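Descriptive structure summary
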Amino acid sequence: MKSIRIGTRNSALALWQAREVARHLQNNNYLTEIVPIVSSGDKNLNQPLYSLGITGVFTRDLDIALLNDEIDIAVHSLKDVPTLLPQNIEMIAYLERDFPQDILIRKESAKNKELHELKLATSSLRRRAFWLRHFPNTEFSDIRGNIQTRLQKLEDGNFDATILSLAGIKRMKMEIDYEMLPVMIPAPSQGVIAVAGHSDKPEINEILKQINHKPTQICVEIERNFLSTLEGGCTAPIGAFAEIIEDQIRFTAALCSLDGKNCIAIDENFEYNPEENFGERFAKVVLENGGKELMTEIKSQI
Ligand SMILES: NCc1[nH]cc(CCC(=O)O)c1CC(=O)O
């Protein structure tokens, strides 16, 4: 049998994630081959992502390679994938989520500062707003690039700390001190590796389904339905996290104003029912409780 061509971005993290998907497929006795593809999201590093005006900067080039039959499947960090997929592209498998949380990393010279004294670097509207919700007088600078670049910028730059995803740090095996940030709600689908396939390739997609982790799929579908119902194509400070605890789902989520002063939050426990779109239901609760006006305000500010 021919080997499965696994498309990936060529950052260290993306390659690690692609090898992880390859390992799962090899465990099921399939041959694999990794095909790195340079993405335009990686080429354009001077502007924050939300200001590039297009969604899917990280995924577009892999989508094109998939549609052009240069690769059979594409591996993504699910949180970078827009909720609306291009025609003929389907998300087929999700690997088990390991570390959904955000963490704080500070440089040595800031190690004795209080949290509210830190000057932070992040380009994420969510991380900024959720931090400001607790520490409203914080100064921020933008920071872009892959994890290694950001940590280098932290050493060189005029700020004390940055916020990153724990999953990325763990996957890169970085020996680095970090602090957990229980005040932050993760981005929808943070920490999840997802595999996309072409709708016209049912044989490959059947193979992919064998490595799907169903509990992770259930959780990220709730988070992403919540996100897509709220956003309608715009980027806003939205956190959403679902986890399965015994036989219940715990869902925590919030939409915040850019300055973090106004947050509409959800915290629910419920029994899973595949017939019900919980993400949409909770997003409607947010929209009806001031979220609609808040989204209009955010859209006018970014
Ligand atoms: N937006 C960049 C990005 N996309 C995926 C990860 C790490 C893996 C993940 O969180 O799923 C990161 C780095 C970060 O947010 O710190």
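Residues numbered from 1 in each chain as written. Predicted model: local features only at pLDDT ≥ 70, side-chain atom pairs only at ≥ 80, totals over all residues. Heavy atoms only, no water.

1. Side note on helix α9 (residues 278-301)
An α-helical turn contains 3.6 residues, so any two residues separated by three or four positions project in the same direction. Counted at 1.5 Å a residue, the expected span for α9 with its 24 residues is 34 Å, but the 29 Å between its end C-alpha atoms falls short. Helix geometry: α9 is bent most strongly at Gly290, by close to 80 degrees. Of the surrounding elements, those touching the buried residues of α9 are α8 (214-231), β12 (248-256) and β13 (263-270). (Helix = DSSP H or I, 4+ residues; strand = E, 2+ residues; numbered from the N terminus. Expected span 1.5 Å × (residues − 1). Bend = angle between axes of the 7 residues up to and from the residue. Contact = heavy atoms within 4.5 Å.)

2. Considerations on the sheet that holds strand β2 (residues 32-37)
An order of β2-β1-β3-β10-β4 is seen for the five strands of this open sheet, with the pairing classed as mixed. Bordering the open sheet on either side are β2 and β4 (89-94), each of which pairs with just one other strand. Looking at each pair of strands side by side, their axes are set apart by 35 degrees on average, direction ignored. Looking at chain direction, strand β3 (residues 73-77) and strand β10 (residues 193-198) are connected through five bridges and run antiparallel. (Pairing = 2+ DSSP bridges. Axes fitted to C-alpha atoms, helices over the stretch in contact; angles between N-to-C directions.)

3. A short note on the packing of aromatic side chains
One pass over the structure, following the stated rule, counts six aromatic pairs. Judged by centre distance (4.2 Å) and plane angle (25 degrees), the rings of Phe270 and Phe278 are stacked. Take Phe270: its relative accessible area is 9%, and that puts it in the buried class. Within the aromatic cluster, the residues linked to one another by ring pairs are Phe226, Phe251, Phe270, Phe278 and Phe282. Lys107 extends its terminal NZ or CZ atom over the ring of Phe159, reaching a point 5.7 Å from the ring centre. Lying across the ring of Phe99, Lys170 places its NZ or CZ 5.2 Å from the centre. (Phe/Tyr/Trp six-rings, centres within 6.5 Å; stacked < 30°, edge-to-face > 60°. Buried < 20%, exposed > 50% of the residue type's maximum accessible area, 1.4 Å probe, protein only. Lys NZ or Arg CZ within 6 Å of the ring centre and 35° of its normal.)

4. Quick look at the site of the ligand
Near the ligand you find Leu13, Ser77, Lys79, Asp80, Arg127, Arg150, Leu164, Ser165, Arg171, Gln190, Gly191 and Val192, and these make up its full shell. Within the side chain of Asp80, an N or O atom sits 2.8 Å from a nitrogen atom of the ligand. Alone, the ligand offers 390 Å² of accessible surface; in the complex the protein occludes 91% of this. Looking at the shell around the ligand residue by residue, the classes come out as three nonpolar, four polar and five charged. (Near = heavy atom within 4 Å. Polar contact = N/O pair within 3.5 Å; in protein donor to acceptor, adjacent residues only side chain to side chain. Areas by Shrake-Rupley, 256 points an atom, 1.4 Å probe, with all protein chains shown as cover. Nonpolar A, V, L, I, M, F, W, Y, C, P; charged D, E, K, R; others polar.)

5. Description of the confidence of the model for the chain
When the pLDDT values of the chain are averaged, the result is 93; 94% of them are 70 or greater. Per the prediction output, this complex has pTM 0.93; the corresponding ipTM is 0.97. (pLDDT = per-residue confidence, 0-100.)

6. Quick word on the state of the cysteines
Under the defined criterion, the tally for this structure stands at one disulfide. Bridging Cys256 to Cys263, the disulfide has an S-S length of 2.0 Å. Between Cys256 and Cys263, the S-S dihedral sits near 105 degrees, and the bridge is therefore right-handed. (Disulfide = S-S within 2.5 Å.)

7. A word on helix α3 (residues 60-67)
Looking only at α3, the buried set comprises Asp61, Leu62, Asp63, Ala65 and Leu66. A positive phi of about 60 degrees marks Asp69, the residue just after α3.

8. A few points about the nonpolar core
Judged by nonpolar contacts, the single largest core of 27 residues is most densely connected at Phe226, Phe251 and Leu255. Going through the elements one at a time, α8, β11 (238-245), β12, β13 and α9 are the ones with two or more residues in this core. Setting aside its immediate chain neighbours within four residues, Leu255 contacts Leu230, Ala236, Pro237, Ile238, Asn262, Cys263, Ile264, Val286, Gly291, Leu294, Met295 and Ile298. (Core = buried A, V, L, I, M, F, W, Y, C linked by side-chain atoms within 4.5 Å.)

9. Side note on the sheet that holds strand β8 (residues 161-165)
Strands sit in the order β7-β6-β8-β5-β9 across an open sheet of five strands; the sheet is mixed. The open sheet has two free edges, formed respectively by β7 (140-141) and β9 (179-180), since each of these has just one partner strand. Of the strands in this sheet, β5 (102-106), β6 (120-121), β7 and β8 are in contact with helix α4 (residues 125-134), which crosses β8 at around 120 degrees. Lying on the sheet, helix α5 (residues 147-156) is in contact with β5 and β8; it crosses β8 at an angle near 165 degrees.

10. So, unusual backbone geometry
Trans is the prevailing form of peptide bonds, just as negative phi is the prevailing case for residues other than glycine. In this structure, Ser189 is a non-glycine residue whose phi angle is positive, near 65 degrees. Within the element layout of this structure, Ser189 appears in the loop between β9 and β10. Under the relative-accessibility criterion, Ser189 is labelled buried at 0%. Positive phi outside glycine occurs at Glu246, with the angle close to 50 degrees. Tracing the backbone shows Glu246 in the loop between β11 and β12. Here Glu246 falls in the exposed class, since its relative accessible area comes to 77%.

11. Some words on the pattern of salt bridges
By the definition in use, this model includes 16 salt bridges. As a salt-bridge pair, Glu223 and Arg97 come within 2.6 Å of each other at their nearest N and O atoms. Note that Glu223 is positioned in helix α8 and Arg97 in the loop between β4 and β5, a separation of 126 residues in sequence. Owing to a relative accessible area of 14%, Arg97 belongs among the buried residues under this scheme. The shortest N-O distance in the salt bridge between Arg128 and Asp142 comes to 3.3 Å. Of this pair, Arg128 sits in helix α4 while Asp142 sits in the loop between β7 and α5, placing them 14 residues apart in sequence. Connected through salt bridges with shared partners, the residues Arg5, Asp69, Asp72 and Lys201 form a single ionic network. (Salt bridge = Lys/Arg side-chain N within 4 Å of Asp/Glu carboxyl O.)

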